[in-house]
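Chain residues, written in single-letter form:
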There are 2 protein chains.
Amino acid sequence: MATVSRVVNNNPNVKPQTRKKVFEAIERLGYRPNAVARGLASKKTTTVGVVIPDISNSIFAEIARGIEDIANMYHYNIILCNADKRKEKEIRVINTLLEKQVDGLLFMGGTVTDEHIQAFQTSAVPIVLCATRDEKGTYPSVDIDHETAAFDAVNTLIRHGHREIAMISGTLQDPANGYARFHGYKKALEAAGIEYQEDLVRIGNYRYESGVEAMKYFLGLKKKPTAVFAATDEMAIGAIHSIQDEGLKVPDDFSIISVDNIRMASMVRPLLTTVAQPMYDLGAVAMRLLTKLMKKETVENPRVILPHETILRLSVNHVNK
Amino acid sequence: MATVSRVVNNNPNVKPQTRKKVFEAIERLGYRPNAVARGLASKKTTTVGVVIPDISNSIFAEIARGIEDIANMYHYNIILCNADKRKEKEIRVINTLLEKQVDGLLFMGGTVTDEHIQAFQTSAVPIVLCATRDEKGTYPSVDIDHETAAFDAVNTLIRHGHREIAMISGTLQDPANGYARFHGYKKALEAAGIEYQEDLVRIGNYRYESGVEAMKYFLGLKKKPTAVFAATDEMAIGAIHSIQDEGLKVPDDFSIISVDNIRMASMVRPLLTTVAQPMYDLGAVAMRLLTKLMKKETVENPRVILPHETILRLSVNHVNK
DNA sequence: ATTTGACGGTAACCATTTACGATGTAGCTC
DNA sequence: GAGCTACATCGTAAATGGTTACCGTCAAAT
């Protein structure tokens, strides 16, 4: 038994000849090692749990792909759980993942509340936050600087001469895509000495339709904006179509910019100018960080902020005088 | 020990009073059941393996969501493995999934070769094919009828008076999205007495860019088609933009139709007419089928074909005389 | 002859489930 | 009321399929 275990696990203390014999027996008997038994004995499962808001959302799907690729590279498997940003469901899946003795946990998406922290604290294995972070900064995380990303987006509008800049925001309860991006918008206005106007901000739900709706509202204003900043690409694309459906043009009549750079941003007309967040890398770096933690390697900086980059395409123009 | 096991597993043979005492002890000690040990003893892991071509592809992401929802409903977890339609990688992950003692296996995407069958045959647990099937029809599967879907698509073009119909196909090596859809195209032409012309067919790779390229080719033809059928929505959208970039219009100058109905199909201008495949349902039904198989319930029809539906939107028009 | 290191076997251990048996209690019969 | 049966409850121990610490054996080197 022990010898078989050794050859299966590539332990060097086996004579090549007996190793060969074992392999032959394995072949002959169709033996397949039982990873569950192995997990029980070795206290390692080579699987990590990932809780994701919604795999059918292309942003998270892209992040997940990054996670999976790196996990694969280090011979880990992934248990994937959708939690829809519902706190109670998130806590539940964290617990079942921990019951399953995952070697590590990747938590993506939603707000990290005290209840989350409590659940995390019961964990004997490392946890990293991906595309989110906890307020206190006690847990390792990989994210972008949403506020600065939004700031940069609005700022490129300003540099193109715009001063009447509307925003299609997410809900302000959401710390990352919502609050932080909205705050970046305000800061950019402030830095340029532009007064903040409440009726130039609409709250959407990140989806296309809400972008369409918000833009309709702006089009109905007496004092229309000349540019709009959307918190997500999807809402930006909705806004573009809203404008086009009225017979107006982007960027001639309105400039549009947003944050994300989903694949679709380069599959619309005009090509969408946007601040790219490195989605694949968010996942990949988070997973890489987790592998280090699982191997108990010391990591220099456990709270990484990945750089964003504004991609100038065709939906932003200099303002018409 | 046995009593604890009984209360944890909701076995009725425990006095309510001792049950309560056990719960108190669990609470006090912060006990968390170990699913790995449970899996070893019970020979059940309540997890199913799913091998997927690419989770960052929106079609598969949507299917995966259906799978996960139903799995969740039946208290299964999902181990997700990307395999990129690479045979060798698919075989590998099938084996590691089986080593992990999954209770069932969901195989999506790529072609099912003899080697796949061989790997499947070593499995002691049920396997269902999702969005693909094996030639011999020996394994349970859930899919749509790609050929008829394509036939219907081309036929609505024909019913709108088109007779010069081009196709942007996938590779003919791919049995479902490639060969079957191409064959549906040919059949529809044949049924309408339209001669098949080789230079009206281009092979793409399912992606946007290849749709753009293929359409450029058609636009360069002396005898241009009046309509084009794309094997996937993404290529269709590429074609639309290719047309619009030349200053021409859809559907005035060209009608466009395709198969899939991804979310993006209703996020372009003009709204894309397409034959919808029920992606979420493909996953959900496949997973439901798998749960039945895992519970050893008898299932009436283990090879299900889900209906498709052509969604008339704005990219198809009657041909200009 | 002794030491050393490579090799391989023994058995404890991992945290559960489950078959089986022990115990106790209630109800019934006589 | 004794004795018996039946059942509910709970504990014991085997089983699950590996890993690994530890020890013994053997051949080669000293």
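The structure under discussion appears in the preceding block.
The text that follows walks through the structure, step by step, so that each part is easy to find. The structure displayed is predicted, hence computed values, not measured ones. (Residues numbered from 1 in each chain as written. Chains lettered and ligands numbered in written order. Predicted model: local features only at pLDDT ≥ 70, side-chain atom pairs only at ≥ 80, totals over all residues. Heavy atoms only, no water.)

### Focus on helix H8 (residues 175-191) of chain B
All names here are of chain B.
Here is step 1: If you check which residues of H8 are buried, you get Ala 176, Asn 177, Gly 178, Ala 180, Arg 181, Phe 182, Gly 184, Tyr 185, Ala 188 and Leu 189.
Here is step 2: Packing partners of the buried residues in H8 comprise strand E5 (141-144), helix H7 (146-159), strand E6 (165-169), strand E7 (201-203), strand E8 (227-230) and strand E9 (255-260).
Here is step 3: Looking at where H8 begins, the residue whose side-chain oxygen comes 3.1 Å from the main-chain nitrogen of Ala 176 is Asp 174.
Here is step 4: Directly beyond the C-terminal end of H8, a positive phi value near 70 degrees is found at Gly 193. (Buried < 20%, exposed > 50% of the residue type's maximum accessible area, 1.4 Å probe, protein only. Helix = DSSP H or I, 4+ residues; strand = E, 2+ residues; numbered from the N terminus. Contact = heavy atoms within 4.5 Å. Polar contact = N/O pair within 3.5 Å; in protein donor to acceptor, adjacent residues only side chain to side chain.)

### Some remarks on the interface of chain A and chain B
Here is step 1: Chain A puts 51 residues into the contact, and the matching count from chain B is 51 residues.
Here is step 2: Taken together, chain A and chain B are joined by eight salt bridges.
Here is step 3: Among the salt bridges present, the one from A:Arg65 reaches B:Asp54, with a minimum N-O distance of 2.9 Å.
Here is step 4: Inspection of the chain A/chain B interface yields 26 residue pairs in polar contact (both at pLDDT 80 or more).
Here is step 5: Counting only elements with at least two residues in the side of chain A that touches chain B, the list comes to helix H3 (35-42), helix H4 (58-73), strand E2 (77-82), helix H5 (87-99) and helix H10 (233-245) of chain A.
Here is step 6: Tallied by class, the residues present in the side of chain A that touches chain B amount to 19 nonpolar, 17 polar and 15 charged.
Here is step 7: With three bridges joining them, E2(A) and strand E2 (residues 77-82) of chain B adopt antiparallel strand pairing. If you follow A:Ile79 over to E2(B), its bridge partner there is B:Ile79. (Salt bridge = Lys/Arg side-chain N within 4 Å of Asp/Glu carboxyl O. Nonpolar A, V, L, I, M, F, W, Y, C, P; charged D, E, K, R; others polar. Pairing = 2+ DSSP bridges.)

### Some details on the relation of the copies chain A and chain B
Here is step 1: It takes a turn of 180 degrees to lay chain A on chain B, together with a shift of 0.0 Å along the axis; the resulting RMSD is 0.1 Å. Taken together, these values place the two copies in the relation of a two-fold axis. Minimal C-alpha separation from the rotation axis in chain A is found for A:Ile79, amounting to 2.2 Å.
Here is step 2: Taken as a fraction of all interface residues of chain A, those also at the interface in chain B reach 100%, which identifies the copy contact as same-surface. (Least-squares fit on C-alpha atoms with pLDDT ≥ 70 in both.)

### Re the protein's contact with DNA strand D
Here is step 1: Close to DNA strand D lie 22 residues, the nearest being A:Ser5, A:Asn9, B:Thr3, B:Lys15 and B:Thr18.
Here is step 2: In DNA strand D, the atoms that sit within 4 Å of the protein are 54% sugar and phosphate, with bases accounting for the remainder.
Here is step 3: Within the backbone of A:Asn34, a nitrogen or oxygen atom sits 3.1 Å from a phosphate oxygen of DNA strand D.
Here is step 4: Here a phosphate oxygen of DNA strand D and a backbone polar atom of B:Lys15 are 2.8 Å apart.
Here is step 5: Only helix H1 (2-8) and H3 of chain A together with helix H1 (2-8) and helix H3 (35-42) of chain B provide two or more residues apiece to the surface near DNA strand D.
Here is step 6: Of all the elements, H3(A) adds the most residues to the surface near DNA strand D, at five residues.
Here is step 7: Partitioned by chemical class, the residues of the surface near DNA strand D number 11 nonpolar, six polar and five charged. (Near = heavy atom within 4 Å.)

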